[in-house]
Amino acid sequence: MSAYLVVGAVLAAVAGCGAGREAPVETVGVVDQPAPASGEVDERNARRAALAAYSGYLAVAQEASGDSDPHHPELTTYLADPLLTRVRFTIRTAKEHGAIRIGTLRSDPVVTAVDLVSVPAIVEIQDCLDATGWRLVYAEDERVVPGGQSTRHLATVTVARYPDGRWLVNTGAAHEDQPC
């Protein structure tokens, strides 16, 4: 039941700006650095957008599975079919059996491939998910569901850019037979 519900921590956003401080201007001895090629910038942006979508997916799926809500309104913000349907099915099945997921899933995603030429453009992500602290339990008394033990394992997802510009996680697999 847990094979396609990967849920965990949200990536931290880092922002910084020095208010009121002007950078010194240096006019002599400056080495001209070529601007990054458009393709490099596009790839960097695709990587960031895909990781943000994946992180959002993990956070929202954790919330939805903890609430037994297969129609959580934010699932469609980060997921598309066929994975969206599988996640909803898994949450609904757990709900029908009186189960929810509690705890924390640790995530360490890495972009393994970027293909901006394909239609749609895709980014592949590989993750070592530590699900040992994320348990499937009965909602009534939080007893662990038999056979619901989680592991530390490899997971893979594909994030695609849709015509409206959104990057959505559309395929994914938990490789529970492949520890990491």
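Definitions and cut-offs
- Residues numbered from 1 in each chain as written.
- Predicted model: local features only at pLDDT ≥ 70, side-chain atom pairs only at ≥ 80, totals over all residues.
- Heavy atoms only, no water.
- Pairing = 2+ DSSP bridges.
- Helix = DSSP H or I, 4+ residues; strand = E, 2+ residues; numbered from the N terminus.
- Axes fitted to C-alpha atoms, helices over the stretch in contact; angles between N-to-C directions.
- Contact = heavy atoms within 4.5 Å.
- Phe/Tyr/Trp six-rings, centres within 6.5 Å; stacked < 30°, edge-to-face > 60°.
- Lys NZ or Arg CZ within 6 Å of the ring centre and 35° of its normal.
- Disulfide = S-S within 2.5 Å.
- Buried < 20%, exposed > 50% of the residue type's maximum accessible area, 1.4 Å probe, protein only.
- pLDDT = per-residue confidence, 0-100.
- Salt bridge = Lys/Arg side-chain N within 4 Å of Asp/Glu carboxyl O.

*Asks:* Summarise the sheet that holds strand 2 (residues 109–115); cite the residues concerned and give the values.
*Replies:* Read from one edge of the open sheet, four strands run 2-3-5-6, paired in antiparallel fashion. Both edges of this open sheet fall to strand 2 and strand 6 (167–179), since each of them pairs with a single strand only. Sheet twist, expressed as the average angle between the axes of neighbouring strands with direction ignored, equals 20 degrees. Examined bridge by bridge, strand 3 (residues 122–130) and strand 5 (residues 152–161) share nine bridges and lie antiparallel to one another. Its bridge partner being in strand 5, Ile 125 is matched across the sheet by Val 157. In the packing of helix 1 (residues 38–67) onto the sheet, contacts are made with strand 2, strand 3, strand 5 and strand 6, and the angle to strand 3 comes to roughly 45 degrees.

*Asks:* Go over the packing of aromatic side chains with me, naming the residues and quoting the values.
*Replies:* Counted according to the given criterion, the structure contains one aromatic pair. Above the face of the Trp 134 ring, Arg 101 is positioned so that its terminal group lies 4.2 Å from the ring centre.

*Asks:* Account for the state of the cysteines, naming residues and giving values.
*Replies:* One way to say it: the disulfide is the covalent bond shared by the sulfur atoms of two cysteines. Tallied over the full model, the rule gives one disulfide. Across a sulfur-sulfur distance of 2.0 Å, Cys 128 and Cys 180 are joined as a disulfide pair. Taking the torsion about the sulfur-sulfur bond, which here is approximately 95 degrees, the covalent link between Cys 128 and Cys 180 counts as right-handed. You can see Cys 128 sitting in strand 3 and its partner Cys 180 sitting in the segment after strand 6, a full 52 residues away along the chain. What makes Cys 128 buried here is its relative accessible area of 17%. Accessibility expressed as a relative area gives 38% for Cys 180, which makes it partly exposed.

*Asks:* Could you give me a rundown of the confidence of the model for the chain, with the residues and numbers involved?
*Replies:* Of all residues in the chain, 79% attain a pLDDT of 70 or more, and the chain-wide mean is 82. Looking over the chain, one finds the lowest element-wise mean pLDDT in strand 4 (residues 134–138), namely 92, and the highest in strand 2, namely 98. Scored below 50 in pLDDT, residues 1–35 shows 44 contacts in the model against residues more than four places distant or in partner chains.

*Asks:* With reference to specific residues and values, describe the pattern of salt bridges.
*Replies:* Under the defined criterion, the tally for this structure stands at three salt bridges. A salt bridge links Arg 143 to Asp 141; its shortest N-O distance comes to 2.7 Å. By relative accessible area, which is 49% here, Arg 143 ends up partly exposed. Linking Asp 164 and Arg 166 is a salt bridge whose minimum nitrogen-to-oxygen distance equals 2.8 Å. The class for Asp 164 is exposed, based on a relative accessible area of 52%. According to the relative accessible area criterion, Arg 166 is partly exposed, its value standing at 38%.

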